[in-house]
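# Topology and contacts: notes
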Amino acid sequence: MAATIRDIKEQTGLSLATISKYLNGGNVLPENRIKIEAAIKELHYEVNEIARGLVTNRTRTVGVLAYSVESIFNGTLLRHIGNSLRKAGYGLMICDSCDDPKIEAENVNFLIGKKVDGIIALPVSTKTDCLKAARKAKIPVVLIDRPSEDASFDCVRIDNRRAAAQAVRFLLQNGHRRIGIVCSHTEYTGEERYKGYEDALREAGVEIREALCAAGTHSIEFGFEGMSRLLSLGERPTAVFMTNYELALGAVMALNRTKLHCPDDISLMGFDDLIMSHVIHPRLHMVIQPMKEMGEKAVELLLERIESGQQEMAMEIVLGTRVSDGDSVAKLGQK
């Protein structure tokens, strides 16, 4: 038979009020806390989270909206978010939006109905109207990877435009002038990274050529199609910047279907140091964003909102990036 709060009372000699206060997250004297925790361990007492939630109006559960759980980027972030929440004593409820804004809105309402204490969102787009329902329900929300269009929600992200410009500058510094790009134009990060590509070329006085831009969906399939298009040009680029992990994977697959070699025939620059960069040869130069820190900062910020119970002016945390070492970028004029 499962232990009860009365068993803890008999074990410790403390009042039910003191034990209940501890179990519901309240402060008790250090010596009482030690007694209660020892009794819980010895008696194998399990907290009734549903009952505690009715008292505290908390479920100690955080909902996460992911635009697609198929994305390795999202999967990596979810691991870091989950680890941070677990350390803080919170559970995780993941909802896959399947790259569909309608499903995303349904998921928001689902999480509200489940009484989650907060929501971390990797949204489908910058349109965050559906998240206003969470705000109305007094559920704090933190966005990762992209801000809301009106900057009304907390956000943890990188400066995508600056990061992309940094990557293209690296190619320029190695003598490349005919630089192609395979990018997505369907979401905030893709648009910002293309702007960074243009910024670096303009800064260097290099003409921006429409033929060298392959813009499409955020997918492995378009990465393959876009790179194939660039490689078929009569005057193909000497280097290609691929603006996310899925596009880079598809682009490398397209290159492998040809007789061209990296970096002797074409140089490559990718984004996100995930699995691929560790298993292909040559090792790709990559823009590295601090994914572990992004997940941890999002959890930290959300828990601050939950604990304070206040929805103050939205905060934006912008983290830095760097270009990793690799072997995929040739210095022109050298083999």
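In case you missed it, the structure is sitting above this.
Since the structure is predicted, the reported quantities are computational estimates derived from the model, not experimental observations. (Residues numbered from 1 in each chain as written. Predicted model: local features only at pLDDT ≥ 70, side-chain atom pairs only at ≥ 80, totals over all residues. Heavy atoms only, no water.)

### With respect to the packing of helix α8 (residues 160-173) against helix α9 (residues 188-203)
Our working rule: Structural elements are reduced to axes, namely lines fitted to C-alpha atoms, with helices fitted over the stretch in contact, and the angle between N-to-C directions of any two is expressed from 0 to 180 degrees. Numbering of helices and strands starts at the N terminus; helices are DSSP runs of H or I of at least 4 residues and strands are runs of E of at least 2. These descriptions rest on fixed angle ranges, namely under 35 degrees for roughly parallel, over 145 for roughly antiparallel, 65 to 115 for roughly perpendicular, and the rest for oblique. Left-handed describes a crossing in which the near helix is turned anticlockwise from the far one by less than a right angle; the clockwise case is right-handed. It only takes one pair of heavy atoms within 4.5 Å for two residues to be counted as in contact. Three classes are used, and their members are as follows: Ala, Val, Leu, Ile, Met, Phe, Trp, Tyr, Cys and Pro are nonpolar, Asp, Glu, Lys and Arg are charged, and the others, Gly among them, are polar.
Across the interface, α8 lies against α9 with an axial gap of 7 Å and an inter-helix angle of 40°. Overall, the two elements α8 and α9 adopt an arrangement that is oblique. Crossing hand, α8 versus α9: right-handed. Taking contact as the criterion, the partners of Asn160, Arg161, Ala164, Ala165, Val168, Arg169 and Leu172 in α8 are, on α9, Tyr188, Thr189, Glu192, Arg193, Lys195, Gly196, Tyr197, Asp199, Ala200, Leu201 and Glu203. In terms of residue class, the contact of α8 with α9 is built from 8 nonpolar, 3 polar and 7 charged.

### A few points about helix α3 (residues 30-43)
We count it as follows: To estimate how far a helix should reach, multiply one less than its number of residues by 1.5 Å. Buried residues are those whose accessible area, probed at 1.4 Å on protein chains only, stays under 20% of the maximum for their type, while exposed residues exceed 50% and partly exposed ones sit between those limits. Relevant arc is that of directions from the helix axis to the C-beta atoms, nothing else.
Compared with the 20 Å implied by 1.5 Å per residue over 14 residues, the 20 Å span of α3 between its first and last C-alpha is a close match. Those residues of α3 that sit buried are Asn32, Ile36, Ala39 and Ile40. All buried residues of α3 lie within an arc of 100° about the axis, which places them on one face of the element. The exposed set on the far side of α3, more than 90 degrees from its buried face, consists of Ile34, Lys41 and Glu42.

### Details of a nonpolar patch on the surface
How we decide: Only residues whose relative accessible area exceeds 30% and that take part in no salt bridge are eligible for patches, with like-charged residues grouped when within 9 Å of each other and nonpolar side chains (Val, Leu, Ile, Met, Phe, Trp, Tyr) grouped when within 5 Å. The protein chains shown are the only cover counted for residues, whose accessible areas, like all others here, come from Shrake-Rupley with a 1.4 Å probe. In what follows, salt bridge is the name for a side-chain nitrogen of Lys or Arg lying within 4 Å of a carboxyl oxygen of Asp or Glu.
Together, Val69, Leu92 and Ile94 make up a nonpolar patch on the protein surface, roughly 220 Å² of accessible area in all. Inspection of the secondary structure puts Val69 in the loop between β1 (61-66) and α5 (72-87). Residue classification places Val69 among the partly exposed residues on the basis of a relative accessible area of 40%.

### Topic: the packing of aromatic side chains
Our working definition: We call Phe, Tyr and Trp rings a pair once their centres come within 6.5 Å, taking the six-membered ring for Trp, and we label the pair stacked below 30 degrees between planes, edge-to-face above 60, and tilted otherwise.
Summed over all chains, the structure comprises 2 aromatic pairs. Between the aromatic rings of Tyr194 and Tyr197, the centroid separation amounts to 5.6 Å while the plane-to-plane angle is 35°, which identifies the pairing as tilted. Separated by 3 residues within a single helix, Tyr194 and Tyr197 lie in helix α9, roughly one turn from each other. Here Tyr194 falls in the partly exposed class, since its relative accessible area comes to 21%. For the ring pair Phe241 and Phe271, a centre distance of 6.5 Å and an interplane angle of 40° mean the geometry is tilted. Of this pair, Phe241 sits in strand β8 (residues 239-242) while Phe271 is found in strand β9 (residues 267-271), placing the two residues 30 residues apart along the sequence. For Phe241, a relative accessible area of 0% corresponds to the buried category.

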